[in-house]
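Take a look at the letters that make up each chain.
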Amino acid sequence: MITKLKKLPKELKNILDVISSLAEPQGVRVYLVGGIVRDLLLGRTNLDLDIVVEGDAAALAQALAQRYSAKFTRHHAFGTATVFFDNHKIDFATARKEYYSRPGVLPAVEPSDLRDDLFRRDFTINAMAISLNKNDYAKLIDFYSGSRDLKQKLIRVLHNRSFSDDPTRILRAVRFEQRFSFKIEKKTLGLIKEAAAQEALRCVHAHRLRDELVLILKEPKPCRNVKRIGALTGFLFINKSLKVNKRIYGLLCRVEKTIGVYGKKFGGLRKVDAWLIYLIGLMIGLKREEIAKFVQEFDFRKGDRIRVLSAKDSLAGISCLDKNVKPRDLYRKLFPLSLETILFFYAYYSGKTIRRQIELFLGKLIHIRLKVKGSDLKALGFQPLVLYGKVLEGLLDAKIEKKLATKGEELKEAKHIFHKLLLKQPV
Ligand code: CTP
């Protein structure tokens, strides 16, 4: 495995060497574990270093942090610690055994050795380690035949209780299966179906489900993941009436295309949260109160909640964006919405007319801002102040319609609007 380790960026490889040299005097054994080992064997880039220590993980992490003058945090309850470098972080955990009292809850843990630590993991392909110890540095440790399953492209659990211990692994199984184009091994698939029949995912805390759902939607091809979850277990854990039918699947595929179009045509605007557009697509058929309940219970961040709900709220209003709509009305409708919401509408309404209007907005109108501010009107001695809001509103419309370019042109138009408004004022 030494050649594989050498594939890591030099800086990370050096840190692993330092961890190795610090572990020996502390009398602990230390291993690189989990997803990074899998990805090194697959030749995929992964810079998330997870270290397991047979012994005190926090003490080793602290020594590493001191060596690099890096920030370090520890979580006493879990026997874990994290060291933060400029561009990445390294997680340390004391090797442990886990006991689940009931499905879906977090397990009780007790310190143990590497073999137990790997056995508590989700799939064989994620249960391999690379030794960082001096006597067998870089040796692959594979108690549960993970490398065989990698070669055979199989997702396989380590034991029959895996999904009842942690039902989120159902979602993880699909995620890895789709990401690597692997297959879920037959017995493992049977266990997933059993767990699904018992609605195991409904026992899991909403935060953990939310995190897994977001990870799925962040995969490069989320549609396939959603379809597979829909077929295997459904989305009961979100809402009992949420079904991935042809309509939703078609919509999600259009979201995928829309994100591609956005990247090519408007990518310069800002990077969008693509996962959120998929989430809107998944939820849009539910009632407003159901969506509100879901985003609340799953404790999405306020900005995410607003974006999802505003899509539901403005969906109908967008349907009337025909070719006769004035640019200023298009601007008023779309400007208050997030890019994610607007792109969702692009995917939802596949007709040419609405798409052209959205393209006009994203390509041109979105950049329009007034150069004139209230303070400019004040400097010109405009009175009364209560009219300023209306002047600026009218000015924005005029700027869009008449394509005013300079501040001088705006000021001239502002004066004109102001005088018209004054005339309308009751004496
Ligand atoms: N793990 C697990 N059960 C879970 C979550 C994680 O057994 N429900 C274990 C797996 O061994 C996994 C490791 O913890 O490899 C790290 O978890 P995470 O970072 O979530 O997974 P990765 O395998 O690194 O996946 P990704 O490539 O998506 O980051």
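Residues numbered from 1 in each chain as written. Predicted model: local features only at pLDDT ≥ 70, side-chain atom pairs only at ≥ 80, totals over all residues. Heavy atoms only, no water.

Caption draft 1: Geometry of the packing of aromatic side chains. Applying the stated criterion to the full structure yields 18 aromatic pairs. Judged by centre distance (6.3 Å) and plane angle (65 degrees), the rings of Y331 and F361 are edge-to-face. With Y331 in helix α16 (residues 327–334) and F361 in helix α18 (residues 352–363), this residue pair connects regions lying 30 residues apart in the sequence. With respect to burial, Y331 and F361 carry one shared label: buried. A cation over an aromatic ring shows up here: K227 above the ring of Y249, its NZ or CZ 4.5 Å from the ring centre. (Phe/Tyr/Trp six-rings, centres within 6.5 Å; stacked < 30°, edge-to-face > 60°. Helix = DSSP H or I, 4+ residues; strand = E, 2+ residues; numbered from the N terminus. Buried < 20%, exposed > 50% of the residue type's maximum accessible area, 1.4 Å probe, protein only. Lys NZ or Arg CZ within 6 Å of the ring centre and 35° of its normal.)

Caption draft 2: Representation of the site of the ligand within the structure. R38, D122, D166, R175 and R179 are the nearest of the 14 residues found near the ligand. Contacts to the ligand include R121, whose side-chain N or O atom sits 3.1 Å from an oxygen atom. Residue R172 places a side-chain N or O atom 3.0 Å away from an oxygen atom belonging to the ligand. Residue assignment for the shell around the ligand shows that the elements contributing at least two residues are α3 (35–42) and α8 (168–180). Sort the elements by how many residues they give to the shell around the ligand and α8 lands first, with six residues. In the shell around the ligand, the residues fall into one nonpolar, four polar and nine charged. Built from parts of two domains, the shell around the ligand gets at least three residues from each of domain 1 (2–152) and domain 2 (155–230). (Near = heavy atom within 4 Å. Polar contact = N/O pair within 3.5 Å; in protein donor to acceptor, adjacent residues only side chain to side chain. Nonpolar A, V, L, I, M, F, W, Y, C, P; charged D, E, K, R; others polar. Domains from an automatic or database assignment.)

Caption draft 3: Structural view of the domain arrangement of the protein. For the protein, the assigned domains read domain 1 (2–152), domain 2 (155–230), domain 3 (238–365) and domain 4 (374–424). Each of domain 1 and domain 2 was reduced to a C-alpha centroid, and the two centroids are 23 Å apart. On the side of domain 2, 21 residues touch domain 1, which itself brings 23 residues to the contact. In total, about 1,800 Å² of surface goes out of reach between domain 1 and domain 2, with carbon and sulfur atoms giving 61% of it. Linking domain 1 with domain 2 are two salt bridges, by the criterion used here. A salt bridge links D149 to R156, with the shortest nitrogen-to-oxygen separation between them at 2.9 Å. Counting the contacts that link domain 1 with domain 2 gives four residue pairs in polar contact (both at pLDDT 80 or more). For the side of domain 1 that touches domain 2, a count of residues per class yields 12 nonpolar, three polar and eight charged. (Contact = heavy atoms within 4.5 Å. Buried area = accessible area lost by both parts, 1.4 Å probe. Salt bridge = Lys/Arg side-chain N within 4 Å of Asp/Glu carboxyl O.)

Caption draft 4: Region of the structure containing the packing of helix α11 (residues 222–232) against helix α12 (residues 246–266). Direction vectors running N to C along α11 and α12 enclose 165 degrees, while the axes themselves pass 9 Å from each other. Here α12 runs roughly antiparallel to α11, going by the angle between their axes. For the pair α11 and α12, the crossing hand works out as right-handed. For the pair α11 and α12, the contacting residues are P222, C223, V226 and K227 in the first and Y249, L252, C253 and E256 in the second. Of the residues assigned to the contact of α11 with α12, the class counts are six nonpolar, no polar and two charged. (Axes fitted to C-alpha atoms, helices over the stretch in contact; angles between N-to-C directions. Parallel < 35°, antiparallel > 145°, perpendicular 65-115°, else oblique. Left-handed = near helix turned anticlockwise from the far one by under 90°.)

Caption draft 5: Molecular detail of the pairing of strand β3 (residues 71–75). The pairing of β3 with strand β4 (residues 80–84) spans five bridges and is classified as antiparallel. Bridge pairing in β4 links T73 to T82. With antiparallel pairing between neighbouring strands as the criterion, β3 and β4 make up a hairpin whose turn holds four residues, including G79 at a positive phi of roughly 65 degrees. (Pairing = 2+ DSSP bridges.)

Caption draft 6: Molecular detail of α18. Here α18 spans 16 Å end to end across 12 residues, near enough to the 16 Å set by a 1.5 Å rise per residue. Buried residues of α18: I354, R355, Q357, I358, F361 and L362, and no others. Buried residues in α18, looked at end-on, bunch into an arc of 160 degrees, giving them a common side. What points out from α18, more than 90 degrees from its buried face, is the exposed set K352 and R356. In this structure, the buried side of α18 is in contact with α12, α15 (302–318), α16 and α17 (339–348). (Expected span 1.5 Å × (residues − 1). Arc of directions from axis to C-beta.)

Caption draft 7: A look at the pairing of strand β5 (residues 89–94). Across five bridges, strand β2 (residues 49–54) lies against β5 in parallel orientation. The residue of β5 that forms the bridge with I51 is F92. Both β4 and β5 contribute to a ladder of five bridges, which runs antiparallel. Bridge pairing in β5 links T80 to A93.

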